[in-house]
Structures are given as structure tokens and as C-alpha cells.
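An overview of the molecular structure
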Amino acid sequence: MTNLLPEMAEIWQQTLNWQPTLQQQTQFQKLYELILEGNRQQNLTRIVEPQEFWEKHLWDSLRGIASLLSVNFSSASPALIDIGTGAGFPGIPVTITVPNCTITLLDSTRKKITFLDNILSELALTNAKTLVGRAEEIGQHPQHRRAYNIALIRAVGSASVCAEYTLPLLKQGGLAIIYRGNWTEDETAALQNAVNQLGGVIESIEQFTTPLSHSIRHCVYLRKISTTPVQFPRAIGIPSQKPL
């Protein structure tokens, strides 16, 4: 008995002005099956029911990059990084849907990265690569610092911690996309203080409702406008213990 993901073509179209191709739909289905299989070996996600998986892992991942779905990056392929990718969200759905970008999936757990390597080969996704490491170290690494156009971060620490993880990795003019559930004015104030120190600005905070369960979600978009001072990101553990 195969668990089939719903197609939801109309909802994709209405909410994101986009629909998966047949190939992308097949890749989503295969991703779902591989996650269910991987869940037996390691704890990847509690979200396994088809509709919930579609909404919370696929739709939610792509909602954050809705503005990119209609862009044609024919001239320059943007470099993306997904920080703390875990079971591959939002990174893998993004890799499937924005094929002319290159994406780095970063996680500190080697077992998860090994699992993702298998997914990338099973889905024949040649535009993604994996990286084992901590955001604090990668952000100080010359190969990665100021190397990315877009940084995605979902379910990792407070917003100011996310800012400290993402902004050092971005090129001038790059965009950090922070995926959140709830959001408060207090968080905006705390984040404002952090981005001021990190060379960024809060470009927008979008609130939206998920199409099936009608849950409130937010995406926070930070734009990098000046060089991040060399001391950021601080050493491992410090950003989360002493947020800016």
C-alpha cells in the first residue's frame, strides 16, 4: 500500500501562482516515500500523514520562496544555503522546484547528511550538495562566508540567532529567509537590534495562512546591505546562549 501525496494543483496555483510539473510531482512523491522509509531508522519527522506532509513540508517550504518560483534565472544561477536542513526542509523541495539554482544543505548531524546524500542521488538532484558542519563555523570559513545569494533557515533558534547564522554567509544584497510559526512585535524589536549589528535590514515580515489546516505562519526576509563585522558569527553555542 503506497501512501500517495495529494496533487493539489489548484491550491498550488491559487496560493503560489505556480504548479509542479509532472516530474516535480513524481519527485515530491519519491521524497515522501524516502522520508517515510528513513523515519524507520532515524527520527526525521513526526509529520507523516500525506496531507499534513504536503502542507507542512512541501507547501510551507515553497511558500517562503514564492517570489522565486516565477523568476527565470537563465543568466546567473543563484547560490542558496539551507541552514540546519534536518530531513531536507525547506532545501530539497526548493532544489526540486528551482532547478537552475545551486543549493547547499547544511546540518551538523552526519547521519542526517548521509540520509540526504541518498535522497539526492535517488531523486537525481545534481544541483544540490550537502555539508556537515555548524553555522557558526561555516560562517567564518572563507569558502562560505559572503558566498550565497539566499540563505534559508527553518525551525532553528530565535530570529536573532537565525540572523547571526545567515547574514555572514550572504553576499552584499543577498536575502535571508527565516521560516517561523508565530511572530510578535517583541521579536521584531529584538531582531532589529541583531540585524543592525550584522549588516542587514528587515525587508519584510509576511504573515500567511496554510491552505489546509489554516495555521498562521510567518516568513521574515532580511536583506544584507553592508559587510558583516568579522566577529560574527560568534563561536559555537554563543549565538543561542547570548542572542544579540
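Refer to the structure presented above.
Residues numbered from 1 in each chain as written. Predicted model: local features only at pLDDT ≥ 70, side-chain atom pairs only at ≥ 80, totals over all residues. Heavy atoms only, no water.

**Points about the sheet that holds strand E2 (residues 102–107)**
Short version of the rule: Any two strands are treated as partners once DSSP identifies two or more bridges connecting them. A helix here means a DSSP run of H or I that spans at least four residues, while a strand means a run of E at least two residues long, and both kinds are numbered starting from the N terminus. Note on geometry: axes are C-alpha line fits, over the in-contact stretch for helices, and angles between N-to-C directions span 0 to 180 degrees. Should any heavy atoms of two residues lie within 4.5 Å, those residues are counted as being in contact.
The strand order across the open sheet formed by seven strands is E3-E2-E1-E4-E5-E7-E6, and the pairing between neighbours is mixed. Every other strand in the sheet has two partners, leaving strand E3 (128–132) and strand E6 (200–209) as the edge strands with one partner each. The average angle at which neighbouring strand axes cross in this sheet is 20 degrees, direction not considered. With six bridges joining them, strand E5 (residues 170–180) and strand E7 (residues 216–224) adopt antiparallel strand pairing. Along E7, the bridge assignment pairs leucine 175 with arginine 223. Contacts between helix H6 (residues 110–122) and the sheet are confined to E2 and E3, with E3 contributing the most and set at about 170 degrees to the helix.

**Here's the deal with the packing of aromatic side chains**
Given two aromatic rings, their pairing is described by the distance between the two centres and the angle made by the two planes. The test is simple: Note on aromatic pairs: the rings of Phe, Tyr and Trp (six-membered ring only in Trp) are paired at centre separations within 6.5 Å, and the planes decide the class, stacked below 30 degrees, edge-to-face beyond 60, tilted for the rest. For every residue, the accessible area (1.4 Å probe, protein chains only) is compared with the maximum for its type, and the residue is labelled buried under 20%, exposed over 50%, or partly exposed between those bounds.
For the structure on display, the rule yields six aromatic pairs. Measuring from centroid to centroid gives 5.8 Å for phenylalanine 53 and phenylalanine 89, while their planes differ by 80 degrees, and the two rings are edge-to-face. With phenylalanine 53 in helix H3 (residues 50–63) and phenylalanine 89 in the loop between strand E1 (79–83) and helix H5 (91–97), this residue pair connects regions lying 36 residues apart in the sequence. Given the relative accessible area of 0%, phenylalanine 53 is considered buried.

**Some thoughts on the packing of helix H1 (residues 9–16) against H3**
Where we set the bar: Should the near helix be turned counterclockwise from the far one by less than a right angle, the crossing is left-handed, whereas a clockwise turn marks it as right-handed. Ten residues, namely Ala, Val, Leu, Ile, Met, Phe, Trp, Tyr, Cys and Pro, are considered nonpolar, four, namely Asp, Glu, Lys and Arg, are considered charged, and the remaining ones, Gly among them, are considered polar.
One can describe the packing of H1 onto H3 by two numbers: an axis separation of 11 Å at closest approach and a directional angle of 35 degrees. Along this stretch, H1 crosses H3, giving a crossing that reads as right-handed. Between H1, through Ile11, Trp12, Thr15 and Leu16, and H3, the contact on the second element is made entirely by Trp54, Leu58, Trp59, Leu62 and Arg63. Considered class by class, the residues forming the contact of H1 with H3 number seven nonpolar, one polar and one charged.

**Describing H3**
Definition in use: For a helix, the expected span equals 1.5 Å multiplied by the number of residues minus one.
Here H3 spans 18 Å end to end across 14 residues, near enough to the 20 Å set by a 1.5 Å rise per residue. Of all 14 residues in H3, 11 are buried; the element is thus mostly enclosed. Among the residues of H3, those classed as buried are Pro50, Phe53, Trp54, Glu55, His57, Leu58, Trp59, Asp60, Ser61, Leu62 and Arg63.

**Concerning the side chain of serine 61**
Within the element layout of this structure, serine 61 appears in helix H3. What makes serine 61 buried here is its relative accessible area of 0%. If we ignore the near neighbours within four places in the chain, the residues touching serine 61 are Phe89, Pro90, Pro93, Val94, Arg154 and Tyr179.

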